[in-house]
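Residue-level listing of the chains:
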Amino acid sequence: MASIIYKTLQLYLLLLLVVRLEAAAFVPASAFQIQNLFRTVDLTKSYLRESASFIIENISEEPQIEYYVAVPSGIVGNATDSHLAIMEVKEKRVDAAVSLAVEIGPSNADLADWWVPSDVQFYKVQLSKPLAAGETSTIQMATATIGALEAQPKLIKQPEAQNLLWTGSKLALSPYKVARQRTKVKLPDRGANAYSKVKNDPQVEDTTLTYGPYVDSEPFAAETIQVRYEYHFPVVEVTKLERELWVSHSGGNLATEERYWMTNAAAKLSEAFSRLRWQASGMAGERSTAIQGFLVRLRPGARDVYFTDEIGNVSTSNFRADIRDPVLDFRPRYPIFGGWNYSFTLGWNHDLGRSLKVLSTEDSGSDTYMLRVPLLEGPDNAAYDVAEVSIILPEGANVVDIFSTYGDYNKEESLLKSHLDTVGRTVVKLTLNNIVDEHRRNELYITYTYSSASSLHKPIIVSAAIAAIFFAWIILGRIDVSISK
């Protein structure tokens, strides 16, 4: 009896092992081989940017439509300090590059002690059309990662230079065999002061380091390298952004207000801040990692710009109202060093006609409109943990459709009662996580219906209220409230 129980237990454990392997050990089929991969690691901004251009060849006997991209699983989601902000893949077969649909695929994060790396997250890419056996196609890929650069050391004195450290691989992470590849590391103007050396690599030229070429790299091959370099700029991280756009048909105005909560993620000061030393370094023209000001490029036609913080209006700002390229140059009340926080509010107005288009008109008076606005505006070289973008439509408007060129967001609709509202305004709120300043090129389109009767609703209510007060005043004036004998 004991032997039967023991054999049954062995069979059960074996089945569990097989199920675990089938569930966790995902490996893309070896249907492709990569040729001539050229990868660029861009360290000129406060966050990591990578791009790669390569040729894929279908080495299988069947047409292929799905291609897999691999990234470290630690940068996907919010589990760690590093977050993947951009994942874009394009295909170029003839002349123009076409953006491809990318969706998150299987992950081997729970897999351990097997030949497939356990820290790999796959993204599934749909090619523009099936790639026949033996055919090739050119792929262009771009990523941006927040929090991948580390200050070293983490504490510095006020006049000291800041150094950032990047740790990565000289080989591109790929689930397919790579016939030939190179990696170029692009640095800021001072170049690198320390970097990994492997035999004759890297080749150093001004502000670039080139590793390779390497031939016949196996799938998931990696070799760690580090680059340490001076970075004389702040590391701007917006922990939260609340962006509101108010649509007014009666006033023909689009009002924008943005509320920022930000921190400087650069190296922190190891000693107390010295105002005297700060003024002396400014007179000497020395660079600093402190946030001293921002340049915000607004859309043409911006006007009535304001800049406030928790104390009130900040006068250290300058708005250059150029017709084609208006720029807001503003400075905080004090320099924001590493680890310091600052919150402020920006606002401006636009003519609604620049952003609104009438799609159709109905005899009933209910017209269909399309609003086109930037998904994000704001300062350069900034990363955002959370951004909440709210579109407040006029009272009586009904949303028909919402579309954005950036698709990774959470959407919700609600009602908001503002001044003299009765029914309430429709609010479309989009929540975006882990984005960067490069997302400013994305746009948001909202299609909604709005009737001319709705535009008269508030004036009628106000007129009726004034008339009621006027008649009440007349009636009360005619009442004799004197005390008679």
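Further up the page is the structure itself.
What you are looking at is a predicted structure, and each value in this text was computed from that prediction instead of being measured. (Residues numbered from 1 in each chain as written. Predicted model: local features only at pLDDT ≥ 70, side-chain atom pairs only at ≥ 80, totals over all residues. Heavy atoms only, no water.)

Enquirer: Mind laying out the overall build of the protein, listing which residues take part and the relevant values?
Expert: Within the protein, the regular secondary structure consists of 4 helices and 31 strands. Per-residue burial over the protein gives 42% buried out of 485 residues. Taking contacts inside the protein between residues at least 6 apart in sequence as the whole, the part at least 24 apart equals 75%. Put simply, the protein shows about 25,900 Å² of open surface, and 53% of that area lies on carbon and sulfur atoms. (Helix = DSSP H or I, 4+ residues; strand = E, 2+ residues; numbered from the N terminus. Buried < 20%, exposed > 50% of the residue type's maximum accessible area, 1.4 Å probe, protein only. Contact = heavy atoms within 4.5 Å. Areas by Shrake-Rupley, 256 points an atom, 1.4 Å probe, with all protein chains shown as cover.)

Enquirer: How would you summarise the nonpolar core if you had to cite specific residues and measurements?
Expert: In terms of nonpolar packing, the biggest core is built from 46 residues, with Met262, Phe344, Leu346, Ile391 and Tyr448 touching the most fellow members. In terms of residues, this core owes the most to one element, strand β27 (residues 382-395), which gives 6 residues. Setting aside its immediate chain neighbours within four residues, leucine 346 contacts Thr256, Glu257, Glu258, Tyr260, Val296, Tyr306, Phe307, Leu328 and Phe330. In terms of nonpolar packing, the next biggest core, distinct from the first, is built from 29 residues, Phe32, Val89, Leu127 and Ile139 among them. (Core = buried A, V, L, I, M, F, W, Y, C linked by side-chain atoms within 4.5 Å.)

Enquirer: Any chance you could break down the sheet that holds strand β21 (residues 303-309) for me, citing the residues and the numbers?
Expert: The 7 strands lie next to each other as β21-β24-β18-β17-β27-β30-β29, forming an open sheet whose pairing is mixed. Edge positions in the open sheet fall to β21 and β29 (410-416), since each of these has one partner strand only. Ignoring strand direction, the axes of neighbouring strands in this sheet form an average angle of 15°. (Pairing = 2+ DSSP bridges. Axes fitted to C-alpha atoms, helices over the stretch in contact; angles between N-to-C directions.)

Enquirer: Which residues make up the pattern of salt bridges, and what are the values?
Expert: Here the structure, examined in full by the defined rule, presents 23 salt bridges. With a shortest N-O distance of 2.6 Å, arginine 49 and aspartate 42 are connected by a salt bridge. Residue classification places aspartate 42 among the buried positions, given a relative accessible area of 11%. Across the pair arginine 303 and aspartate 304 runs a salt bridge whose closest N-O atoms are separated by 3.5 Å. Among the ionic contacts, a cluster of salt bridges with common partners joins Asp42, Arg49, Glu88, Glu438 and Arg441. (Salt bridge = Lys/Arg side-chain N within 4 Å of Asp/Glu carboxyl O.)

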